[in-house]
Every structure is written in C-alpha cells, then in structure tokens.
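Each chain, letter by letter, is given below.
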Amino acid sequence: EGTVQGDLVVFGGTLTINGTVEGDLIAAGQTVVVNGNVEDDARLAGYALTLPGSIGDDVVAAGFSLENGEDGTIGGDVVYVGYQALLEGDVSGDVEVSGGAVRIAGAVEGDARVDVGGTEQGETIPPFYSFMPNIPSVPSVPSGLTIAEGATIGGDLTYTANSRADVPG
C-alpha cells in the first residue's frame, strides 16, 4: 500500500501491489496484481498476472495469463512466455511473446515478435481450467494472434502462427 524505497521481492498466493516500488519488483504467486507504480523492472511469475498500473521499465514474465489493462503502461520492453497475453495498455519498447493466444489492443512503440505456432485457430482455454478449485478468473483471449482495430505497432510485426492473423490497416 505504501512506498518501498528500493527493490521488492515477494512470494505468495495472492499478491497485490497498490503503492509505489522505487526499484525493481520480483514477484511470484498464483495471482500477481500491480495496481500501483513500479519505477524500474518487473519480473513476474504466476497463473494470473494483471498489470493495470505503471511499470517504469521492462516486464519479464512467465505464467498462464498476462493482462496489461487499458490504463496500464510499460515504459520498456515486454518479454512473456505463457498460455495467453492481453496487451490493452501502452508499451514503450518492444514486445516478445510466446504462447497460445495473444491479443494486442493498445500501442506498442517498438517491434512486436509473437509466436503462437503451438495452437490452432479456434482453440480456447483448456476446458479443465474452469473446473479447478481456487483458480483465479482470467480474460478469455482467442487462440492465435489478434490485433484489435485501433491498436498500433510502431516497429515491425513478426509472428509465427498456424494460420494467418487478421491485421487491420
């Protein structure tokens, strides 16, 4: 809730950062939510990673779901490995994502490199996930690569997929 002067290293079930971290954030948990402000890098691991707040520099993450909300900002690069990524906020650097479902709906100022070659178009979240107890809810991202109308990529878009992505002009 307050201000951490320096780095914050946390591990647990549900982690919610509402205050300010003046250094790096290293967090691993079932759910990691950054509502506040991380002034440097964020290194995250968990099932549901949600970033509606502000990350000053790079995000390096691994998990089932990464969600950068509409108001979320990332001041550097995003490197993510997991099942799905929903990037609705702004990313000032490059995006490099490998997973089964990726949706870019915000602004990426740099290059976007996406690998969704392990899934077929039309696949959804594995059905057994909805029946597991105590699993946090995550947004449903269509399999493959989706670029939303109004999204921008300032650099090059390079992707690997089993089917052609629909990329609006």
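Residues numbered from 1 in each chain as written. Predicted model: local features only at pLDDT ≥ 70, side-chain atom pairs only at ≥ 80, totals over all residues. Heavy atoms only, no water.

Asker: Hey, could you run me through the overall build of the protein chain in this one?
Answerer: Broken down by element type, the protein chain carries zero helices and 18 strands. For the protein chain, the residues scored as buried account for 43% of the 169 residues in total. Looking at the protein chain alone, contacts between residues at least 24 apart form 23% of all its contacts between residues at least 6 apart. For the protein chain, the distance from the average position of its 4 positive side-chain charges to the average position of its 25 negative side-chain charges is 9 Å. (Helix = DSSP H or I, 4+ residues; strand = E, 2+ residues; numbered from the N terminus. Buried < 20%, exposed > 50% of the residue type's maximum accessible area, 1.4 Å probe, protein only. Contact = heavy atoms within 4.5 Å. Lys, Arg positive; Asp, Glu negative; His and termini not counted. Charge placed at Lys NZ, Arg CZ, Asp CG, Glu CD.)

Asker: How should I be thinking about the packing of aromatic side chains in this particular structure?
Answerer: Centre distance and the angle of the planes are the two values used to describe a pair of aromatic rings. Taken as a whole and judged by the stated rule, the model has two aromatic pairs. Plain terms: the ring middles of Tyr-47 and Phe-64 are 4.9 Å apart, the flat faces sit at 5 degrees to each other, and that makes the pair stacked. Taken together, the residues Tyr-47 in strand S6 (residues 42–50) and Phe-64 in strand S8 (residues 59–68) connect sequence positions 17 residues apart. In this structure Tyr-47 comes out as buried when scored by relative accessible area, which is 14%. By relative accessible area, which is 7% here, Phe-64 ends up buried. A centroid spacing of 5.1 Å and a plane angle of 10 degrees characterise the contact between Phe-64 and Tyr-83, whose relative ring orientation is stacked. Separated by 19 residues along the polypeptide, Phe-64 in strand S8 and Tyr-83 in strand S10 (residues 78–87) bring together distant segments of the chain. Taken as a pair, Phe-64 and Tyr-83 share a single burial class, namely buried. A network of ring pairs unites the aromatic residues Tyr-47, Phe-64 and Tyr-83 as a single cluster. (Phe/Tyr/Trp six-rings, centres within 6.5 Å; stacked < 30°, edge-to-face > 60°.)

Asker: Would you take a moment to explain the environment of Gly-144 for this structure?
Answerer: By secondary structure assignment, the location of Gly-144 is in strand S16 (residues 144–147). Between the C-alpha atom of Gly-144 and that of Leu-15, which follows or precedes it by 129 residues, the distance is 29 Å.

Asker: Honestly, the pattern of salt bridges in this entry has me stumped. Any pointers?
Answerer: Pairing is possible between side chains that carry opposite charge, provided their charged atoms lie close to one another. According to the stated counting rule, one finds five salt bridges in the structure shown. Asp-111 is the partner of Arg-113 in a salt bridge, and the nearest nitrogen-oxygen pair spans 3.8 Å. Taking the relative accessible area as the measure of exposure, Asp-111 reaches 25% and is therefore partly exposed. Several salt bridges share partner residues, and in doing so they unite Asp-94, Glu-96, Asp-111 and Arg-113 into one network. (Salt bridge = Lys/Arg side-chain N within 4 Å of Asp/Glu carboxyl O.)

Asker: How should I be thinking about the nonpolar core in this particular structure?
Answerer: Within soluble globular proteins, side chains that are nonpolar generally end up buried alongside one another. Formed by 36 residues in total, the largest nonpolar core has its most connected members in Leu-25, Leu-44 and Ile-104. Core analysis: the next-biggest nonpolar cluster, separate from the first, contains seven residues, Tyr-47, Ala-48, Tyr-83 and Leu-86 among them. (Core = buried A, V, L, I, M, F, W, Y, C linked by side-chain atoms within 4.5 Å.)

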